[in-house]
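The lines below spell out each chain.
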Amino acid sequence: MSQTFQQLPEELQLATSAHVKYIQSLDSRKDEYDYWLTEHLRLNGLYWGLTALHLLGHPDALPRAETIDFVLSCQHDSGGFGAAPGHDAHMLSTVSAVQILATIDAFDELETRGKGKAQVGKYIANLQNRETGTFAGDEWGEEDTRFLYGAFNALSLLGLLDLVDVDKAVNHIAACANFDGGYGVSPGAESHAGQIFTCVAALTIAGRQDLVDKERLGRWLSERQIAGGGLNGRPEKKEDVCYSWWVLSSLEMIGKTHWIDKDQLVAFILRCQDPERGGISDRPGDMVDVWHTVFGLAGLSLLQYPGLQPVDEVYCMPKSTTARVLGR
Amino acid sequence: MADQGRIQQGGSQHGIARTSRVRTDDQRQRDLDRIAKYRDLEDQVRALAAAGDYTAPALFQLTSRLLRLNPEYYTTLGWVLMLDGVLEFFSFRHYSTLFHQLLVIVLGRDPARPRLPDSWEDWYNTETQDLAVIKSELAFTIPLLLESPKCYWIWSYRLWTLQQAIARLRPALARKIWEEELGLASKMLGKDRRNFHAWGYRRHVVTQLESAALQGSSMVEAEFAYTQNMIETDLSNFSAWHSRSRLIPRLLEERGAGEEARRAFLDKELTQIREALNVGPEDQSLWYYHQFLVLNLVAPEKHPAMTPGFTRDDRVAYLTREIDEIKELLEDYADVKLIYEGLFEYTVYLCRLQERQPDAGERADLAAWLAKLRQLDPMRNGRWADLEREVSLEGGNE
Ligand SMILES: [Zn+2]
């Protein structure tokens, strides 16, 4: 995609301003039942919306001060964050909180008004199972490579990766590898694109990409693209915009995005947008939501769609943010 | 990604048609009513907890109602799970007392009470009560699961309840409960054969049934037979093929299979998959499993289970036969790209195995197959280009 935005035919135009408006409207839907039913995802949703806005080049579309206030209002004494004020702390919302604060450059507020970086690091580190190296999502103990990745993501942003046993975690990921080059949710589980992203990204953060069977994995990932240009998450499954992120970012990490047809994927993602009211859905014609909006945009960014800010394939955050925070 | 549990459940829509977002006044009013009901329930729960009002039947009812409204609301399940008494984490919200009270009510007894009963009768009664509560909790989650089969929190609560069976009941009784659970796992997989969570759940239940706590022993034979069953129902079930690939090493180990038995096992697997490919050569699942078998031939350091006694000549002979069989597929299916991909891949393996370069005939074949791949599957042209470079690079270097 080397053309400039204006040269693209209409069906390949990104409805940037509609998307910005859609994301801005998300918090003003308190008269919709779903708004309340999804309260347990409020902080994750904020991360998805904020990241989408940054990729769209509208980093100031959400008020910074209010964002910080809300994030800090979700924090517990333990250092962990709940999804909304009054909700129990959880790994996923804690990771979202760290990503949000990193993106808007507000770690200092976490220090002065929150419980501080060190306490957040401690909360996350305590969720590691020191025997197996894996991580739980919360104190109830669900274990999943998603949480391991989340821990590596947030701790590395905080500069606190040394709080956990990285080698043991890496061994656990190795045990999740399958003959097809992919990774499952736990040892024994079938390969799944979402889990592949979490495992390969965690290995990348740990500097252990040498463990990845890149040829075999690249092949499996490239076979996720099906007629119509979209990507699925497992063999013989339907395509879905969120895999534009899980599959594509994994291909990017192992240097093989050229193994799929990028133009067709761009066209598929764009067919899933609602050009009038904004937002992106899982498949053309379906209801939009912020989850598919951010992962659709992140996919387009990796595909170098003109006008979008570059996304970091490991962190799913603006590259400018990870460059600043990680000093690269 | 409909598979990935909690995040997607509430955070995203899958497969729901885009409709106008403009609600009629009626619809809006209905939403407002539901919201009011939902928030009211939630406020009540929180208020009771905050006021230290632990007259728990009311509280327990509230959490049940809240759960039915929104099974994704894990905090509520967390409250129920708190019965486990593990977590001082919430103590700053003074929930521990509340959970203790709930436990007394739900399980009909005080968890602080010593486990050893005063008399056998007492023990028996307690066990009967526990059994009743466990069964009713398991029944309670079934309609929730039917409504939200991918909701992690319901599964998690169910597992906690099942764990209570191990902790509180005699092994024979607990085993019965877990055996019924395996039945549930089979039923779910019967309905949705690729359901990720159901497969994982099944693995978990089997591990428990194999454990000493339930007086169990290995179920690897039964589980292997289960994959056979699933495959015979639907050849294209990659989840079953995958599960097979994971069970085989253990199966052969536990059978105490010698080299000959392992070879015979491989023969049988190869015959089965070849027959499957004969009817469904465009099915990725089958090719993935075929690749797994071939890895036993060409990458024995990683996949040693079926070929421990194989010499290099054996490996070459087996692989050559596979290549020949696949070539025969071309007679019936000239335009299936997976056939060309298989031929290309395995021919390169064969050369590597024999530590040689492709001969002139193979080179011509490789080039022709690659041309076919480009024609049939242009989406992956980048990969075909890399493969071409790789093969001719090898030629150029040595
Ligand atoms: Zn999706």
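Here, every reference points to the structure presented above.
The following refers to the structure shown. (Residues numbered from 1 in each chain as written. Chains lettered and ligands numbered in written order. Predicted model: local features only at pLDDT ≥ 70, side-chain atom pairs only at ≥ 80, totals over all residues. Heavy atoms only, no water.)

1. Here we look at the overall build of chain B
Then, in step 1: Looking only at helices and strands, chain B has 17 helices and 0 strands in total.
Then, in step 2: Here chain B holds 398 residues, and the buried ones make up 52% of them.
Then, in step 3: Restricting the contact set of chain B to residue pairs at least 6 apart, pairs at least 24 apart contribute 60%.
Then, in step 4: Total accessible area on chain B stands at roughly 18,400 Å², and carbon and sulfur atoms take up 53% of it. (Helix = DSSP H or I, 4+ residues; strand = E, 2+ residues; numbered from the N terminus. Buried < 20%, exposed > 50% of the residue type's maximum accessible area, 1.4 Å probe, protein only. Contact = heavy atoms within 4.5 Å. Areas by Shrake-Rupley, 256 points an atom, 1.4 Å probe, with all protein chains shown as cover.)

2. Brief notes about the overall build of chain A
Then, in step 1: When its secondary structure is counted, chain A shows 15 helices and 4 strands.
Then, in step 2: For chain A, the C-alpha radius of gyration of 19 Å lies close to 20 Å, the compact-globule estimate for 328 residues.
Then, in step 3: Across its three principal directions, the C-alpha atoms of chain A cover 50 × 50 × 40 Å.
Then, in step 4: Burial analysis of chain A (328 residues in total) assigns 67% to the buried set.
Then, in step 5: In chain A, the share of contacts with a sequence separation of at least 24, taken over all contacts with a separation of at least 6, comes to 66%. (Rg over C-alpha atoms; globule rule 2.2 N^0.38 Å.)

3. Focus: the side chain of Ser281(A)
Then, in step 1: Structurally, Ser281(A) is set in strand 1 (residues 280–281).
Then, in step 2: Taking relative accessible area as the criterion, Ser281(A) reaches 0% and is therefore assigned buried.
Then, in step 3: Within the structure, the side chain of Ser281(A) is placed 2.9 Å from the side chain of Arg18(B), a separation counted as a polar contact.
Then, in step 4: Those residues in contact with Ser281(A) that sit more than four places away from it in its chain are Val241(A), Cys272(A), Asp286(A), Met287(A), Val288(A), His292(A) and Arg18(B). (Polar contact = N/O pair within 3.5 Å; in protein donor to acceptor, adjacent residues only side chain to side chain.)

4. Comments concerning the packing of helix 5 (residues 91–103) of chain A against helix 7 (residues 117–126) of chain A
Residue and element names in this part refer to chain A.
Then, in step 1: It is the contact of helix 5 with helix 7, at a shortest axis distance of 11 Å, that shows an interaxial angle of 150°. Put simply, helix 5 runs roughly antiparallel to helix 7. Helix 7 is crossed by helix 5, and the crossing has left-handed handedness. Touching Met91, Thr94 and Val98 of helix 5 are Val120, Tyr123 and Ile124, all from helix 7.
Then, in step 2: Residues that form the contact of helix 5 with helix 7 fall into these classes: 5 nonpolar, 1 polar and no charged. (Axes fitted to C-alpha atoms, helices over the stretch in contact; angles between N-to-C directions. Parallel < 35°, antiparallel > 145°, perpendicular 65-115°, else oblique. Left-handed = near helix turned anticlockwise from the far one by under 90°. Nonpolar A, V, L, I, M, F, W, Y, C, P; charged D, E, K, R; others polar.)

5. Some remarks on unusual backbone geometry
It is generally the case that most residues other than glycine have a negative phi and that most peptide bonds are trans.
Then, in step 1: We note that Gln304(A) has phi near 60°; this positive angle belongs to a residue other than glycine.
Then, in step 2: In this structure, Gln304(A) sits in the loop between helix 14 (290–302) and strand 3 (311–312).
Then, in step 3: Relative accessible area serves as the criterion here: at 59%, Gln304(A) is assigned to the exposed category.
Then, in step 4: Positive phi, normally seen in glycine, also occurs at Gln215(B), with a value near 55°.
Then, in step 5: Mapped onto the elements, Gln215(B) comes out in the loop between helix 9 (196–210) and helix 10 (220–233).
Then, in step 6: A relative accessible area of 57% places Gln215(B) in the exposed class.

6. Description of helix 10 of chain B
All names here are of chain B.
Then, in step 1: With 14 residues, helix 10 extends 20 Å from end C-alpha to end C-alpha; this agrees with the ideal 20 Å at 1.5 Å per step.
Then, in step 2: Within the sequence span of helix 10, burial applies to Val220, Glu223, Phe224, Tyr226, Thr227, Gln228, Met230 and Ile231.
Then, in step 3: In this structure, the buried residues of helix 10 make contact with helix 8 (171–191), helix 9, helix 11 (238–255) and helix 12 (259–279). (Expected span 1.5 Å × (residues − 1).)

7. Digging into the packing of helix 3 (residues 42–55) of chain A against helix 14 of chain A
Each pair of packed helices can be summarised by the angle the axes make with each other and by the distance between the axes.
Residues and elements named next belong to chain A.
Then, in step 1: Between helix 3 and helix 14, the least distance of the axes is 9 Å, while the angle of their chain directions is 35°. In the crossing of helix 3 with helix 14, the sense of the turn from one axis to the other is left-handed. Residue-level contacts link Gly45, Trp48, Gly49, Thr51, Ala52 and Leu55 of helix 3 to Val290, Trp291, Val294, Phe295, Leu297 and Ala298 of helix 14.
Then, in step 2: For the contact of helix 3 with helix 14, a count of residues per class yields 9 nonpolar, 3 polar and no charged.

8. Brief notes about the environment of Ala52(A)
Residue and element names in this part refer to chain A.
Then, in step 1: Considering the arrangement of structural elements, one finds alanine 52 in helix 3.
Then, in step 2: The exposure class of alanine 52 is buried, given its relative accessible area of 0%.
Then, in step 3: Distance from alanine 52 to isoleucine 23, taken between C-alpha atoms, is 8.2 Å for residues 29 residues apart in sequence.
Then, in step 4: For alanine 52, the residues in contact, after removing those within four places along its chain, are Ile23, Val294 and Leu297.

9. Quick notes on a negative patch on the surface
Then, in step 1: A surface patch of negative charge is lined by Asp324(B), Glu328(B), Glu331(B) and Asp332(B).
Then, in step 2: Mapped onto the elements, Asp324(B) comes out in helix 14 (residues 312–332). (Patch = residues over 30% accessible without salt bridge, like charges linked within 9 Å, V, L, I, M, F, W, Y side chains within 5 Å. Salt bridge = Lys/Arg side-chain N within 4 Å of Asp/Glu carboxyl O. Lys, Arg positive; Asp, Glu negative; His and termini not counted. Charge placed at Lys NZ, Arg CZ, Asp CG, Glu CD.)

10. Description of the packing of aromatic side chains
Aromatic rings considered in pairs are described by the distance between their centres and by the relative angle of their planes.
Then, in step 1: Within the structure shown, the criterion is met by 16 aromatic pairs over all chains.
Then, in step 2: Ring centres of Trp246(A) and Trp291(A) lie 6.0 Å apart, and the angle between their planes is 45°; on these two criteria the pair is classed as tilted. One end of the pair, Trp246(A), is in helix 12 (residues 242–253); the other, Trp291(A), is in helix 14, with 45 residues separating them in the sequence.
Then, in step 3: Residue Trp246(A) is classed as buried on the basis of its relative accessible area of 7%.
Then, in step 4: Measuring from ring centre to ring centre gives 5.6 Å for Tyr289(B) and Phe292(B), while their planes differ by 40°; the resulting arrangement is tilted. Here the residue Tyr289(B) and the residue Phe292(B) both occupy positions in helix 13 (residues 284–298), the gap between them amounting to 3 residues, near one helical turn. The pair Tyr289(B) / Phe292(B) is uniform in exposure class, with both members buried.
Then, in step 5: Cluster of aromatic residues (ring-pair linked, three or more members): Trp48(A), Tyr149(A), Phe197(A), Trp245(A), Trp246(A), Trp291(A) and Phe295(A).
Then, in step 6: The aromatic ring of Phe310(B) is capped on one face by Arg263(B), whose charged end is 4.3 Å from the ring centroid.
Then, in step 7: Here the guanidinium or amino end of Arg383(B) rests over the ring plane of Trp259(A), the centre of that ring lying 5.3 Å away. (Phe/Tyr/Trp six-rings, centres within 6.5 Å; stacked < 30°, edge-to-face > 60°. Lys NZ or Arg CZ within 6 Å of the ring centre and 35° of its normal.)

11. Focus on the pattern of salt bridges
Then, in step 1: The tally for this structure, following the rule as stated, stands at 41 salt bridges over all chains.
Then, in step 2: Measuring nitrogen to oxygen at the nearest pair gives 3.4 Å for the salt bridge that ties Arg193(B) to Asp234(B). Taken together, the positions of Arg193(B) in the loop between helix 8 and helix 9 and Asp234(B) in the loop between helix 10 and helix 11 put the pair 41 residues apart, joining distant regions of the chain.
Then, in step 3: Salt bridges here are not isolated pairs; linked through shared partners, they connect Asp213(A), Arg216(A), Arg219(A), Glu223(A), Lys302(B), Lys337(B), Glu341(B), Glu345(B), Asp377(B), Arg380(B) and Arg383(B).

12. Thoughts on helix 9 of chain B
All names here are of chain B.
Then, in step 1: With 15 residues, helix 9 extends 21 Å from end C-alpha to end C-alpha; this agrees with the ideal 21 Å at 1.5 Å per step.
Then, in step 2: Buried within helix 9 are the following residues: Phe196, Ala198, Trp199, Tyr201, Arg202, Val205, Val206, Gln208, Leu209 and Glu210.
Then, in step 3: A side-chain oxygen of the first residue of helix 9 lies 2.9 Å from the backbone nitrogen of alanine 198; this N-cap is asparagine 195.

13. Concerning the environment of Leu350(B)
Residue and element names in this part refer to chain B.
Then, in step 1: Position of leucine 350 relative to the elements: it lies in helix 15 (residues 337–353).
Then, in step 2: We classify leucine 350 as buried; its relative accessible area is 8%.
Then, in step 3: Separated by 25 residues in the primary sequence, leucine 350 and glutamine 375 have C-alpha atoms spaced 25 Å apart.
Then, in step 4: Setting aside anything within four residues of it in sequence, one finds leucine 350 in contact with Val316, Leu319, Thr320, Ile323, Arg356 and Glu362.

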